Amino acid sequence: MSPFSNPIYHKGLLCFMGKNADLCIHDFEQRTTKTIELPHRSCTSVQRSYLLECNGKLLSVLIGHMGKVLEVYALDQEAITWKELDDLEDNMLFVSAASALSATNSGEKISCLGNKVFLDRFKEKDGVFYSLATRKFHTFWSGYNSDDCCNTKEFINCAWIEPSFKTHTKDELQWW
């Protein structure tokens, strides 16, 4: 199985998605490798797949051809099975070819940001996101609203970065 997604190190296991959206888990300590198939899904032709961690759970985001289907799954660690998610609650997912990460609103209610998957796609100058509540692709500013992501542009060479707001002392910055 060759990797079809970003690899992720999750709870001591190396995980990645294969071309058929199957999860490959390699346990270095036990020296074992196993494959977990996704349950029946409406996304029969997976164009993109992403792995990320959200609140300690391993999530998978699958996107079909031209975004006609976008599905989010969570791995049940005990049963070693996937469960489709219909609601991310206050969580946001950020996916691109180079990185995938999650964020939450840290207790503050920002209802317009939760339950969304932000993509590496743009409609003109506006970033495109997928809302699990509406099951549609949107932008914040231009009013774009679509069942698929046709007429949007994918930026393949980009990555999401999680900012750090830590301040550094003069001594810590001395290396500069």
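The coordinates are above.
Residues numbered from 1 in each chain as written. Predicted model: local features only at pLDDT ≥ 70, side-chain atom pairs only at ≥ 80, totals over all residues. Heavy atoms only, no water.

Colleague: Go over the sheet that holds strand S6 (residues 57-64), please, and point to the residues and values.
Modeller: With antiparallel pairing, 4 strands are arranged side by side in an open sheet as S5-S6-S7-S8. Pairing within the sheet leaves two strands with one partner each, and these edge strands are strand S5 (46-54) and strand S8 (81-85). This sheet shows a mean twist of 30° between the axes of neighbouring strands, independent of strand direction. Relative to S6, S5 runs antiparallel, the two sharing 8 bridges. The residue of S6 that forms the bridge with Ser 49 is Leu 62. (Pairing = 2+ DSSP bridges. Helix = DSSP H or I, 4+ residues; strand = E, 2+ residues; numbered from the N terminus. Axes fitted to C-alpha atoms, helices over the stretch in contact; angles between N-to-C directions.)

Colleague: Outline the sheet that holds strand S2 (residues 13-17), supporting the account with residue identities and numerical values.
Modeller: Strands sit in the order S1-S2-S3-S4 across an open sheet of 4 strands; the sheet is antiparallel. If you trace the sheet from one side to the other, it starts and ends with strand S1 (8-10) and strand S4 (32-36), each paired once. Here the strands of the sheet are splayed against their neighbours by 25° on average, with no regard to which way each runs. Relative to S2, S1 is paired through 3 bridges, and the arrangement is antiparallel. Within the sheet, the bridge partner assigned to His 10 lies in S2 and is Leu 13.

Colleague: Break down the side chain of Asp 120 for me, citing the residues and quoting the values.
Modeller: By the element assignment, Asp 120 lies in strand S11 (residues 116-123). Despite its burial, Asp 120 remains without a salt bridge, the nearest opposite charge being carried by Arg 121 at 5.4 Å. Each residue touching Asp 120, except ones within four places of it in the same chain, is listed here: Tyr 50, Val 95, Ser 96, Ala 97, Lys 153, Glu 154, Phe 155 and Cys 158. (Buried < 20%, exposed > 50% of the residue type's maximum accessible area, 1.4 Å probe, protein only. Lys, Arg positive; Asp, Glu negative; His and termini not counted. Salt bridge = Lys/Arg side-chain N within 4 Å of Asp/Glu carboxyl O. Contact = heavy atoms within 4.5 Å.)

Colleague: Account for the pairing of strand S3 (residues 23-27), with residues named and values stated.
Modeller: Of all 5 residues in S3, 4 are buried; the element is thus mostly enclosed. By the bridge criterion, 5 bridges tie S2 to S3 in an arrangement that is antiparallel. In the strand pairing of S3, Phe 16 is matched with Cys 24. Following S2, the chain reverses through 5 residues before pairing antiparallel with S3; Ala 21 in that reversal takes a positive phi of roughly 65°. In this structure, S3 lies alongside S4, joined through 5 bridges in antiparallel fashion. Across the sheet, the residue bridging to Cys 24 is Thr 35, located in S4. Where S3 folds back on S4, the antiparallel hairpin that results is connected by 4 residues, among which Arg 31 adopts a positive phi of roughly 55°.

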